Amino acid sequence: MRFLLVVLAFCSAAQAAAPQPPAVIARSWVVGDLSSGQVLAAQKSDERVEPASLTKLMTAYLVFAALRDKKLVPEQPVNVSERAWRARGSRMFIQPRRAVTVDELIRGMVVQSGNDACVALAEAVAGSEDVFVQLMNREAARLGMKGSRFMNASGLPDAQHYTTAHDLYLLAAALIRDFPSEYGQYYAQKEFRYNNITQPNRNRLLWIDPTVDGVKTGHTEAAGYCLIASSQRSGRRLLSVLLGSSSEATRAQESLKLLNWGFQFFDSVRLYKAGEQVKSLEVWKGSAKMVSAGLKSDLLVAVPKGEAEKLKAELVAQQPLVAPLAKDQRIGTLRVTLDGKPVGEYPLLALEPVAQAGIFGRAWDTLRLWFK
C-alpha cells in the first residue's frame, strides 16, 4: 500500500511562541480544550495519586450508562442496604427501609458527595459494590485510563485505589462528551436538600464564575484538596484537573487561574466543517474516478492567539484507493502541525460510496496499475 502526501496549508517561517502556563499551587494538574480535544498544558499529570471523591465521576459514568441502557430509570425507587447506610465519610443521609429514587441518589452523589449514595447506586446497577468495582475498572481500561485502579465506588482511602491527573481528565472529558444531558442536569446544581438536610455543592466556582458548570471536588488528608472544573465561554469548553492543593479556597482559585489562562491565551480555529471536502482523491476500478475525502465532525484546533496562520495540514492518503468504497470508510489521515510540532491526526473518510466498475473498467485499471 502506497501513501500520497498532500500539503493543504503552509505555516509561516516564524516560530510559534506557546504561552507559558501560570504557576499553580497543586501537586499535579491538567488543562485542556474539549472543543478541540487538545491538552493545553500539564504538570506531573502521570503521577499516581489518591483520587478521593473524584472517584465518583466513574460511578456517575456507569450510572448514566445504566440510565441510557434503560437498566435504571430516574424515578425508580432503590432500597437502602445496611452497607449503604453505614458508609463512612460524607453522606446524603439515606436511611434503611426508606426507599430513595435513583434521581435523588444521583443528586446526593454529585451535589452532596454522599458516599452512602454511591454505595446505593452501585448496588442498584450491579447488585453489590464489589461487582460494581469490577465494572469501574473495566470501563477505566476501555477509556484508556492506564494509571488507574478502583477499589470502591466512593473514593474512600485504600492503598490499591489510585489514579492520575491525566486519567481523571480522560474520565471527565468522556462524561461530558458521552452524557451531555445528564452532565447539564446535575453538575451545575448548587445545593440539594434531602431528609430535611440541605447541603451545598462544594465546588466554589459555581458561585464565583457563571460560565463554570461543574465538575467535582475531592479531599482526603493524603489527596489534599482537589477539583475538576469545566467552563464554557463563547462556544469553547475547557476542562481543568487540579490535585493536591492546600485548601478549599486555593483549589478554586488555582483552577480558575488555569481556565482563565486557557481562554485568554488560546484561540479555537475551525479548519474544516463536518462533511466538507478536504480533497478529491483518485479511485481505481470504480464506477467513479474520484471520491471526496472529508471529516465526520468539525475539526477544531486550539492554537496560541495570533498563531493560526502557522498551522499546516498534510493529507496522507492510502494509494491506490480501489473500489468498492463505502461511505464513511477511512481513506486517509489528516496530520495537523504548528511550526513543525504535531497537533493531532484525524481520520479522513469517504464522503460518498463508490461502487465497482464493470468488468472492462476493472480490467483496464488493473492494467494501468501494473505500470504505475
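Everything numeric here is computed off the predicted structure, so don't read it as measured data.

Some remarks on the overall build of the protein chain
Scanning the protein chain from N- to C-terminus turns up 10 helices and 18 strands. With the C-alpha coordinates of the protein chain rotated into their principal frame, the extents come out at 80 × 50 × 35 Å. Here the protein chain holds 372 residues, and 51% of them are scored as buried. Looking at the protein chain alone, contacts between residues at least 24 apart form 66% of all its contacts between residues at least 6 apart. Taking the average place of the 46 positive charges on the side chains of the protein chain and the average place of its 36 negative ones, the gap between the two points comes to 3 Å.

A look at the environment of proline 200
As for its placement among the helices and strands, proline 200 is situated in strand β7 (residues 197-200). Note on proline 200: relative accessible area 46%, which makes it partly exposed. Through-space distance from the C-alpha of proline 200 to that of lysine 190 is 5.8 Å; in sequence the pair is 10 residues apart. Contact partners of proline 200, with chain neighbours within four places excluded, come to Val111, Lys190, Glu191 and Trp207.

Digging into helix α1 (residues 56-68)
Spanning 13 residues, α1 covers 18 Å between terminal C-alpha atoms, matching the ideal 18 Å at 1.5 Å per step. Note on α1: the residue one or two positions beyond its end, lysine 70, has a positive phi of about 65°.

Quick notes on the confidence of the model for the protein chain
Per-residue confidence for the protein chain averages 92 on the pLDDT scale, and 92% of its residues sit at or above 70. Note that residues 1-7 has pLDDT below 50 and, in this model, 26 contacts with residues that lie over four places away or in other chains. Throughout residues 9-16 the model reports pLDDT below 50, and contacts reaching past four residues in sequence, or to other chains, amount to 23 contacts.

Re the nonpolar core
Met58, Phe64, Ile94, Leu105, Ile106, Tyr187 and Ile228 are the most contacted members of the largest nonpolar core, which totals 64 residues. The dominant element in this core, judged by the number of residues it contributes, is α1, at 10 residues. Look past the residues within four positions of tyrosine 187 in its chain and what remains in contact with it is Leu57, Ala60, Phe64, Val110, Leu175, Glu182, Asn201, Leu206, Asp213, Gly214 and Val215. Residues Val303, Leu311, Ala323 and Tyr346 belong to the second largest nonpolar core, which totals 26 residues.

Points about the sheet that holds strand β10 (residues 236-245)
The sheet built from 5 strands is open, its strands ordered β3-β2-β10-β9-β8 with antiparallel pairing. Edge positions in the sheet fall to β3 (38-43) and β8 (212-220), since each of these pairs with one other strand and no more. Here the average twist between neighbouring strands, direction ignored, is 10°. Bridging between β8 and strand β9 (residues 224-233) involves 8 bridges; their strand directions are antiparallel. Considered in β9, the bridge of valine 215 is made with alanine 229. Across the sheet, helix α6 (residues 165-178) is in contact with β2 (28-33), β3, β8, β9 and β10; its angle to β10 comes to roughly 145°. Helix α9 (residues 248-265) rests against β2, β3, β8, β9 and β10 of the sheet, and its axis sits at about 145° to β10.

Some details on the packing of aromatic side chains
Counting across every chain of the model gives 5 aromatic pairs. Both rings, one in tyrosine 61 and one in phenylalanine 179, keep their centres 5.1 Å apart while their planes meet at 80°; by these two values the pair is edge-to-face. Of this pair, tyrosine 61 sits in helix α1 while phenylalanine 179 sits in the loop between α6 and α7 (180-186); the two residues are 118 residues apart in sequence, bridging distant segments of the chain. Each member of the pair, tyrosine 61 as well as phenylalanine 179, is classed as buried. On the numbers, 5.4 Å between centres and 20° between planes, the contact of tyrosine 183 with tyrosine 187 is stacked. By relative accessible area, which is 1% here, tyrosine 187 ends up buried. Cluster of aromatic residues (ring-pair linked, three or more members): Tyr61, Phe64, Phe179 and Tyr186.

Side note on the state of the cysteines
Applying the stated criterion across every chain, the model contains 0 disulfides. In this model cysteine 118 remains outside any disulfide bridge; the closest cysteine sulfur is found in cysteine 226, 16 Å from its own. Owing to a relative accessible area of 0%, cysteine 118 belongs among the buried residues under this scheme.

Some points on the packing of helix α3 (residues 102-110) against helix α4 (residues 115-126)
In the contact formed by α3 and α4, the axes pass within 8 Å of each other and the chain directions differ by 140°. Compared by their axis directions, α3 and α4 come out oblique. The way α3 lies across α4 gives a crossing that is left-handed. Along its contact with α3, which presents Val102, Leu105, Ile106, Gly108 and Met109, the element α4 presents Ala117, Cys118, Ala120 and Leu121. When grouped by side-chain class, the residues that make up the contact of α3 with α4 number 8 nonpolar, 1 polar and no charged.

Each value, and the rule that gives it
Residues numbered from 1 in each chain as written. Predicted model: local features only at pLDDT ≥ 70, side-chain atom pairs only at ≥ 80, totals over all residues. Heavy atoms only, no water. Helix = DSSP H or I, 4+ residues; strand = E, 2+ residues; numbered from the N terminus. Buried < 20%, exposed > 50% of the residue type's maximum accessible area, 1.4 Å probe, protein only. Contact = heavy atoms within 4.5 Å. Lys, Arg positive; Asp, Glu negative; His and termini not counted. Charge placed at Lys NZ, Arg CZ, Asp CG, Glu CD. Expected span 1.5 Å × (residues − 1). pLDDT = per-residue confidence, 0-100. Core = buried A, V, L, I, M, F, W, Y, C linked by side-chain atoms within 4.5 Å. Pairing = 2+ DSSP bridges. Axes fitted to C-alpha atoms, helices over the stretch in contact; angles between N-to-C directions. Phe/Tyr/Trp six-rings, centres within 6.5 Å; stacked < 30°, edge-to-face > 60°. Disulfide = S-S within 2.5 Å. Parallel < 35°, antiparallel > 145°, perpendicular 65-115°, else oblique. Left-handed = near helix turned anticlockwise from the far one by under 90°. Nonpolar A, V, L, I, M, F, W, Y, C, P; charged D, E, K, R; others polar.

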